[in-house]
Amino acid sequence: MTTSLSTVVIVGGHGQIALHLTRILSSAGTAVIGTIRNPAQAADIEAAGGTAAIVDLENDSAEDLAKVLNGADAVVFSAGAGPGSTAERKRTVDYGGAVLTADAAAIAGVSRLVQISAIRVEEPLPEGTEPVWAAYVIAKRDADHYVRDTSLDWTILRPGRLTNEPATGNVVLGEDLESAEITREDVAATVAHVLDDPSTIHKTLDVVNA
């Protein structure tokens, strides 16, 4: 791929999608900075072609993160509390981290933001939904609403059910799609595409494999 972006910051740089994205962007000549909380993860980011920056989304300030974002062309929010985490951490990472990223981008003057969310988070939760899953869905939904209310040049990308299969290259990107699976590598490739596509600004887009 070709890109006009010289530097991209990925918040949540050690996630699987983030590492795929780091490889894609760095191979196209873009400098990638991936934020991590655990310094032991730096080697994985470096192996993918990026540079690690230590940021704790649950304890650092927007000003702290803005220092990492200074001079970047775009930022990707790809962080999440991950499997096995509590409902409380879904709120502090999946929602709070997104808020922190949007606020830091505004402070740093980085207008382009792509936020990775999840498909169907706007739908009402069925009665009796497992509490941690409910907290995850609500956190993603509220994070999307927060970003849409900013003046940033945002795109919200909502993947379907994630798999670790190899990339297919067969991707459907659009609004109000039926839920389906998509590989993490295909999500990363889609993020790389929309980052440099002004037509996706101020759009909330679902993405699934065809």
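This one's a predicted model, so the numbers in the text were calculated from it and none came from an experiment.

Caption draft 1: The arrangement of the packing of helix H3 (residues 62-69) against helix H4 (residues 87-108) in detail. Put simply, H3 and H4 touch, their axes get as near as 8 Å, and they point 60° apart. For the element pair H3 / H4, the angle class is oblique. Like other packed secondary-structure pairs, H3 and H4 cross with a definite hand, here right-handed. Residues Ala-62, Glu-63, Leu-65, Ala-66 and Leu-69 of H3 form the contact with H4, whose own contacting residues are Leu-100, Thr-101, Asp-103, Ala-104, Ala-105, Ile-107 and Ala-108.

Caption draft 2: Representation of the environment of Gly-128 in the model. Residue position: Gly-128 is located in the loop between strand E5 (112-116) and helix H5 (131-148). Classification of Gly-128 by relative accessible area gives exposed; the value is 72%. When the C-alpha positions of Gly-128 and Ala-102 are compared, they lie 32 Å apart, and in sequence the two are 26 residues distant.

Caption draft 3: Quick look at the pattern of salt bridges. Applying the stated criterion to the full structure yields 9 salt bridges. A salt bridge links Glu-122 to Arg-148, with the nearest nitrogen and oxygen atoms 3.1 Å apart. Linking Glu-122 in the loop between E5 and H5 with Arg-148 in helix H5, this pair joins segments that are 26 residues apart in sequence. With a relative accessible area of 36%, Glu-122 lands in the partly exposed category. Residue class for Arg-148 comes out partly exposed when judged on its relative accessible area of 27%. In this structure, Asp-144 engages Arg-158 in a salt bridge whose closest nitrogen and oxygen atoms are separated by 2.8 Å. With Asp-144 in helix H5 and Arg-158 in strand E6 (residues 153-159), this residue pair connects regions lying 14 residues apart in the sequence. Each member of the pair Asp-144 and Arg-158 is classed as buried. Each of the salt bridges in this network shares a partner with another, and the network as a whole consists of Glu-122, Asp-144, Arg-148 and Arg-158.

Caption draft 4: Spotlight on the pairing of E5. Within E5, 5 of the 5 residues are buried, which leaves it mostly tucked inside the rest of the structure. Handedness of the β-α-β unit built from strand E4 (residues 74-77), H4 and E5 comes out right-handed. You can see the chain leave E5, run along H5 and come back into E6, and the turn it takes is right-handed.

Caption draft 5: Representation of the sheet that holds strand E8 (residues 171-174) within the structure. Read across the open sheet, the 8 strands follow the order E3-E2-E1-E4-E5-E6-E10-E8; overall the sheet is mixed. Strands with a single pairing partner mark the edges of an open sheet, and in this sheet they are strand E3 (51-54) and E8. Each strand of the sheet is rotated relative to its neighbour by a mean of 20°, with strand direction disregarded. Sheet analysis places E5 next to E6, joined by 5 bridges and oriented parallel. By the bridge assignment for E6, Ile-116 is matched with Leu-157. Each of strand E1 (7-11), E4 and E5 is contacted by H4, which is oriented at about 170° to E4, the strand it contacts most. Here helix H6 (residues 184-195) sits on the sheet and contacts E1, E4, E5, E6, E8 and strand E10 (203-209); the angle it forms with E5, its principal contact strand, is near 160°.

Conventions used here
Residues numbered from 1 in each chain as written. Predicted model: local features only at pLDDT ≥ 70, side-chain atom pairs only at ≥ 80, totals over all residues. Heavy atoms only, no water. Axes fitted to C-alpha atoms, helices over the stretch in contact; angles between N-to-C directions. Helix = DSSP H or I, 4+ residues; strand = E, 2+ residues; numbered from the N terminus. Parallel < 35°, antiparallel > 145°, perpendicular 65-115°, else oblique. Left-handed = near helix turned anticlockwise from the far one by under 90°. Contact = heavy atoms within 4.5 Å. Buried < 20%, exposed > 50% of the residue type's maximum accessible area, 1.4 Å probe, protein only. Salt bridge = Lys/Arg side-chain N within 4 Å of Asp/Glu carboxyl O. Right-handed = clockwise from strand over helix to strand, strands pointing away. Pairing = 2+ DSSP bridges.

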